[in-house]
Amino acid sequence: MPSEHPSAGENSRDRIIAAALTLLNEQGREAVSTRAVATAAGVQAPAIYRLFGDKQGLLDAVAAHGFAAHLPAKSAMEPTEDPVDHLRAGWDLNVSFALGNPALYSLIYGEPRPGVHVEAAEIAAGILADAIRRIAAAGRLRVEEALAVQLVHAGGRGVALELLSRPDEERHPSLSAAAREAVIAAITHDAALPPGDPGPVTAAVALRAVLSRATALTDGERALLREWLDRITRTENDRSTS
């Protein structure tokens, strides 16, 4: 039971979400029953079903609300001169959020449901995509942007969940940094486009990242060129891994 209730000025939806989030943080997901949440929020259980549809709807709302509190910190990160260092900082912020909010992070990322979208998580994914695009525009991305985004997301989420699955004394202090650098090494070059031949993938990825600035092309021409650049990137990457 939460130690204190939200202020009386909040509406029922806000009170219910706040009560469920408190139960989740203090007692874990199993404690978030409709009866317990209704009691903590000072409402009748039918109000939860009317507002959220079912318990999963309530959990989705809690996840969105809790993760939204994390977004200002991600959005406020000033781009650094080195876009790869900026990516490192974003990775570290994600792991820090997970360790500070284990139940909430597990609720958001522990049970993937294809086709179900949490708005706050989608905004965070957009921030990651922007960070990857900056690396591509600097000529330092060695794989296509979509693959880089998924690799970073999978690596960061996997590390966070692995750490959360272990007691504090069993968490290796270098796990996150080692995994972070392994992923970065897999998707980036050490420096921007070097003198000489940068290779077709790096050149294609860099051009694609800044294609929207090519005002001499029509929208249709840009779309066609983007398709060709993606084909170059995927074909060459497939060859290098086969």
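Note that the structure is predicted; figures quoted are calculated from it, not measured.

**A few points about the environment of Glu227**
Thought 1: The topology assignment puts Glu227 in helix H12 (residues 219-241).
Thought 2: Counting along the chain gives 19 residues from Glu227 to Arg208, while the straight-line C-alpha distance between them is 9.4 Å.

**Examining helix H3 (residues 45-52)**
Thought 1: Within the sequence span of H3, burial applies to Ala47, Ile48 and Phe52. An end-on view of H3 places all buried positions within 105° of arc, on one side of the element. Exposed positions of H3 whose direction lies more than 90 degrees from the buried face are Pro46 and Arg50.
Thought 2: Looking at the residues trailing H3, positive phi occurs at Gly53, about 85°.

**Points about the packing of aromatic side chains**
Thought 1: Counted according to the given criterion, the structure contains four aromatic pairs.
Thought 2: Residues Phe67 and Tyr109 carry aromatic rings whose centres are separated by 6.0 Å and whose planes lie at 90° to one another, so their mutual orientation is edge-to-face. Of this pair, Phe67 sits in helix H4 (residues 55-68) while Tyr109 sits in helix H7 (residues 102-109), and the two are 42 residues apart along the sequence.
Thought 3: Classification of Phe67 by relative accessible area gives buried; the value is 2%.
Thought 4: Taken together, Phe67, Phe97, Tyr105 and Tyr109 form an aromatic cluster joined through their ring pairs.

**Regarding the packing of helix H1 (residues 12-27) against H4**
Thought 1: One way to put it is that H1 packs onto H4 with a least axis distance of 9 Å and a crossing angle of 85°. With respect to each other, H1 and H4 are oriented roughly perpendicular. Residues Arg13, Ile16, Ile17, Ala20, Leu21 and Leu24 of H1 touch H4, and the partners they reach there are Leu58, Ala61, Val62, His65 and Gly66.
Thought 2: When grouped by side-chain class, the residues that make up the contact of H1 with H4 number eight nonpolar, two polar and one charged.

**Remarks on the side chain of Asn94**
Thought 1: Along the chain, Asn94 falls in helix H6 (residues 83-100).
Thought 2: Judged by its relative accessible area of 13%, Asn94 is buried.

**So, helix H2 (residues 34-41)**
Thought 1: Of the positions making up H2, those classed as buried are Thr34, Val37, Ala38, Ala40 and Ala41. The buried residues of H2 occupy one face: seen down the axis, they fall within an arc of 165°.
Thought 2: Turning to H2, the residues buried within the fold contact H1, H3 and H4.
Thought 3: Positive phi appears at Gly42, one or two residues downstream of H2, with a value of about 70°.

**Quick word on the confidence of the model for the protein**
Thought 1: Mean pLDDT over the protein stands at 84; residues scoring 70 or higher make up 88%.
Thought 2: The low-confidence segment residues 1-9 (pLDDT under 50) makes 14 contacts with residues lying over four places distant or belonging to another chain.

**A short note on the packing of H6 against helix H8 (residues 119-137)**
Thought 1: Packing of H6 against H8 brings their axes to within 8 Å, and their N-to-C directions diverge by 155°. Relative to H8, the element H6 is oriented roughly antiparallel. For the pair H6 and H8, the crossing hand works out as left-handed. On H8, the residues touching Pro83, Val84, His86 and Leu87 of H6 are Leu128, Ala131, Ile132, Arg134 and Ile135.
Thought 2: Residue composition of the contact of H6 with H8, by class: seven nonpolar, one polar and one charged.

Quick notes on the rules
Residues numbered from 1 in each chain as written. Predicted model: local features only at pLDDT ≥ 70, side-chain atom pairs only at ≥ 80, totals over all residues. Heavy atoms only, no water. Helix = DSSP H or I, 4+ residues; strand = E, 2+ residues; numbered from the N terminus. Buried < 20%, exposed > 50% of the residue type's maximum accessible area, 1.4 Å probe, protein only. Arc of directions from axis to C-beta. Phe/Tyr/Trp six-rings, centres within 6.5 Å; stacked < 30°, edge-to-face > 60°. Axes fitted to C-alpha atoms, helices over the stretch in contact; angles between N-to-C directions. Parallel < 35°, antiparallel > 145°, perpendicular 65-115°, else oblique. Contact = heavy atoms within 4.5 Å. Nonpolar A, V, L, I, M, F, W, Y, C, P; charged D, E, K, R; others polar. pLDDT = per-residue confidence, 0-100. Left-handed = near helix turned anticlockwise from the far one by under 90°.

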